[in-house]
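In case you want the letters, here they are:
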Amino acid sequence: MAENEDGQEKTEEPTSKRLDDAKKKGQIARSKELNTMAITLIGGMALVGMSGSMGDGLANIMSESLTIARGDMFDPTAMTRRLISSIQDALLMLAPFFVVVAVVAVLSSIALGGVAFSGEALTPQLSKLNPLKGLKRLFSLKGLIELAKAMAKFFLVGGATALVLWLTLDSFLHLSGMELASAIKELVNLIGWAFVLISSSLILVAAVDVPFQIWDHKRQLKMTRQEIREEMKDTEGRPEVRGRIRQLQREMANQRMMEEVPKADVIVTNPTHYAVALRYNQLRMNAPIVVAKGTELVAANIRRVGTEHEVPIIESPSLARAIYFHTELGEPIPAGLYLAVAKILAYVFQLKAYVPGQGKRPSEPDELQIPDELKVPE
């Protein structure tokens, strides 16, 4: 079982943050066997597919190189020009093959672990020169797996090569009786198929190596429980920092809530422990909504702000508690409280319309009826 420097067992799977950090450092799962197999297999197929054009190109290069005009025999620079021209023709002929191989090399290298660019991975590390660590890696599980892969590749590739040579020996010998252009085409085709057959044996090695590399990569990144706790603290913040953030969020929410109190139509109080501020617009709202609510100090602030802005304050302990516990900010009151709140709002609107000396002053509503399911004990 893997252990860290503190002796704790790394039993936990790596978190997404751990995997992302490792990728930024260039630590990703890679399979050299997959890369080698893909390059040789696709490269052999490309040789087979391009055998005709390559054969013609090689035949033309050989024909031009071996045909010397009489005038060139007396020109000291003629051979240099011919050499440069032959190299250019050969590069142009091989360019499509090189492009295919390069694309396959890139795609096969990123197929397993994805794309990762990291300057840290290129930084020299003196710890890698430690012979003791080198011996430890040599006799580790990964070292044994690498030895097994090397032996498997030796026997598979050696056996496949012997089989291909035995099957194609007559075809190679038959080339000596063919014309040059045809022989070159057939040679390229035979070499391509030989690569395809030999590299096909590497599919077995890659099929074993890919799952192993994925498993070994995650094994190396496994974490202890303490590391997971530390990561959670670093990600989510220390408890004291989170507490301070929550406190600031509450203060900001209370400030926004207090800004809504002057817009309320009425404030219902306990009278000291609870306070809820209600607003109602007959044209826009189906029911009154709660714009502010609070207990103790918050309730006192609601009453203070309401008094400063001349918002009517009505004492109704049972109604204040029912609204406080059964309604959230910005939500309409429960249907069971419609009648009680309607009486209070009717009183408030009548009070606003009342002119002293003209008629009887509106009287505050009597004890309001609260449904049993909405009652909250003191």
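As a starting point, this report considers the structure included with it. (Residues numbered from 1 in each chain as written. Predicted model: local features only at pLDDT ≥ 70, side-chain atom pairs only at ≥ 80, totals over all residues. Heavy atoms only, no water.)

1. Observations regarding the packing of aromatic side chains
Point 1. Across all of its chains, the model carries 6 aromatic pairs by this definition.
Point 2. Ring geometry for Phe-154 versus Phe-155: centroids 5.3 Å apart, planes at 75 degrees, classification edge-to-face.
Point 3. Residue Phe-154 is classed as exposed on the basis of its relative accessible area of 57%.
Point 4. Put simply, the rings of Tyr-274, Tyr-324 and Phe-325 touch in pairs and so form one group of aromatic residues.
Point 5. If you follow Lys-293 out to its NZ or CZ, it ends over the ring of Tyr-324, 4.7 Å from the centre. (Phe/Tyr/Trp six-rings, centres within 6.5 Å; stacked < 30°, edge-to-face > 60°. Buried < 20%, exposed > 50% of the residue type's maximum accessible area, 1.4 Å probe, protein only. Lys NZ or Arg CZ within 6 Å of the ring centre and 35° of its normal.)

2. With respect to the sheet that holds strand β4 (residues 313-315)
Point 1. Taken in spatial order, the 4 strands of this open sheet run β3-β2-β1-β4, and their pairing is mixed. Pairing within the sheet leaves two strands with one partner each, and these edge strands are β3 (289-295) and β4. Direction aside, the axes of adjacent strands within the sheet are offset by 20 degrees on average.
Point 2. The strands that helix α11 (residues 296-308) touches are β1 (266-269), β2 (274-279), β3 and β4; relative to β3, the one it contacts most, it runs at about 125 degrees. (Pairing = 2+ DSSP bridges. Helix = DSSP H or I, 4+ residues; strand = E, 2+ residues; numbered from the N terminus. Axes fitted to C-alpha atoms, helices over the stretch in contact; angles between N-to-C directions. Contact = heavy atoms within 4.5 Å.)

3. So, the environment of Val-48
Point 1. Secondary-structure assignment places Val-48 in helix α2 (residues 32-49).
Point 2. Residue classification places Val-48 among the buried residues on the basis of a relative accessible area of 18%.
Point 3. Those residues in contact with Val-48, other than ones at most four positions away along the chain, are Asn-189, Gly-192 and Trp-193.

4. Re the environment of Arg-321
Point 1. Mapped onto the elements, Arg-321 comes out in helix α12 (residues 317-326).
Point 2. Between the C-alpha atoms of Arg-321 and Val-276, which are 45 residues apart in sequence, the distance is 8.7 Å.
Point 3. Within the structure, Arg-321 has its side chain in polar contact with the side chain of Asn-270 (distance 3.2 Å). (Polar contact = N/O pair within 3.5 Å; in protein donor to acceptor, adjacent residues only side chain to side chain.)

5. Examining the pattern of salt bridges
Point 1. Evaluated as defined, the whole model comprises 5 salt bridges.
Point 2. Among the salt bridges present, the one from Glu-260 reaches Lys-263, with a minimum N-O distance of 3.6 Å.
Point 3. Where Asp-372 meets Lys-375, a salt bridge forms, and the shortest distance between an N and an O atom there is 3.5 Å.
Point 4. Note on Asp-372: relative accessible area 62%, which makes it exposed. (Salt bridge = Lys/Arg side-chain N within 4 Å of Asp/Glu carboxyl O.)

6. Describing a nonpolar patch on the surface
Point 1. Together, Ile-68, Met-73, Phe-74 and Met-79 line one region of the surface with nonpolar side chains, adding up to about 490 Å² of accessible area.
Point 2. Inspection of the secondary structure assignment puts Phe-74 in the loop between α3 (51-66) and α4 (78-110). (Patch = residues over 30% accessible without salt bridge, like charges linked within 9 Å, V, L, I, M, F, W, Y side chains within 5 Å. Areas by Shrake-Rupley, 256 points an atom, 1.4 Å probe, with all protein chains shown as cover.)

7. Structural notes on the nonpolar core
Point 1. Counting residues in hydrophobic clusters, the biggest one holds 23 residues, and the most contacted among them are Leu-278, Leu-319, Ile-323, Leu-337, Val-341 and Ile-344.
Point 2. When residues of this core are traced back to their parent elements, those giving at least two are β1, β2, α12 and α13 (338-353).
Point 3. Residue contributions to this core peak at 6 residues, all from α13.
Point 4. If we skip the residues at most four places from it in the chain, Leu-337 touches Leu-319, Ala-322, Ile-323, Ile-370, Pro-371 and Leu-374.
Point 5. Met-257, Ala-264, Ile-267 and Val-311 belong to the second-largest nonpolar core, a separate cluster that totals 15 residues. (Core = buried A, V, L, I, M, F, W, Y, C linked by side-chain atoms within 4.5 Å.)

8. Remarks on the environment of Val-290
Point 1. With respect to the helices and strands, Val-290 occurs in strand β3.
Point 2. Taking the C-alpha atoms as reference, Val-290 lies 9.8 Å from Ile-267; in sequence the two are 23 residues apart.
Point 3. Residues contacting Val-290, with those up to four places away along its chain left out, are Ala-277, Leu-278, Ile-323, Thr-327, Glu-328, Leu-329, Gly-330, Glu-331 and Ile-333.

9. Brief notes about unusual backbone geometry
Point 1. Located in the positive-phi region is Glu-296, a residue other than glycine, with phi close to 50 degrees.
Point 2. Structurally, the position occupied by Glu-296 is in helix α11.
Point 3. With a phi angle near 60 degrees, Glu-310 is a residue other than glycine that sits in the positive phi range.
Point 4. In this structure, Glu-310 sits in the loop between α11 and β4.
Point 5. Residue Glu-310 is classed as exposed on the basis of its relative accessible area, which comes to 72%.

10. Thoughts on the side chain of Ser-201
Point 1. The topology assignment puts Ser-201 in the loop between α7 (180-200) and α8 (202-220).
Point 2. Excluding residues within four positions of it along the chain, Ser-201 makes contact with Leu-156, Val-157 and Ala-160.

11. Some remarks on the side chain of Thr-269
Point 1. Inspection of the secondary structure assignment puts Thr-269 in strand β1.
Point 2. The class of Thr-269 is buried, set by a relative accessible area of 1%.
Point 3. Excluding anything up to four places from it in sequence, Thr-269 contacts Tyr-274, Ala-275, Arg-303, Ile-313, Ile-314, Glu-315, Ser-316, Pro-317 and Ala-320.

12. Observations concerning the pairing of β2
Point 1. Of all 6 residues that make up β2, 5 are buried, and the element is covered over most of its length.
Point 2. Taken together, β1 and the strand that follows it, β2, pair antiparallel across an intervening segment of 4 residues.
Point 3. The pairing of β2 with β3 spans 6 bridges and is antiparallel. Residue pairing for β3: Ala-277 is matched across the bridge by Ala-292.

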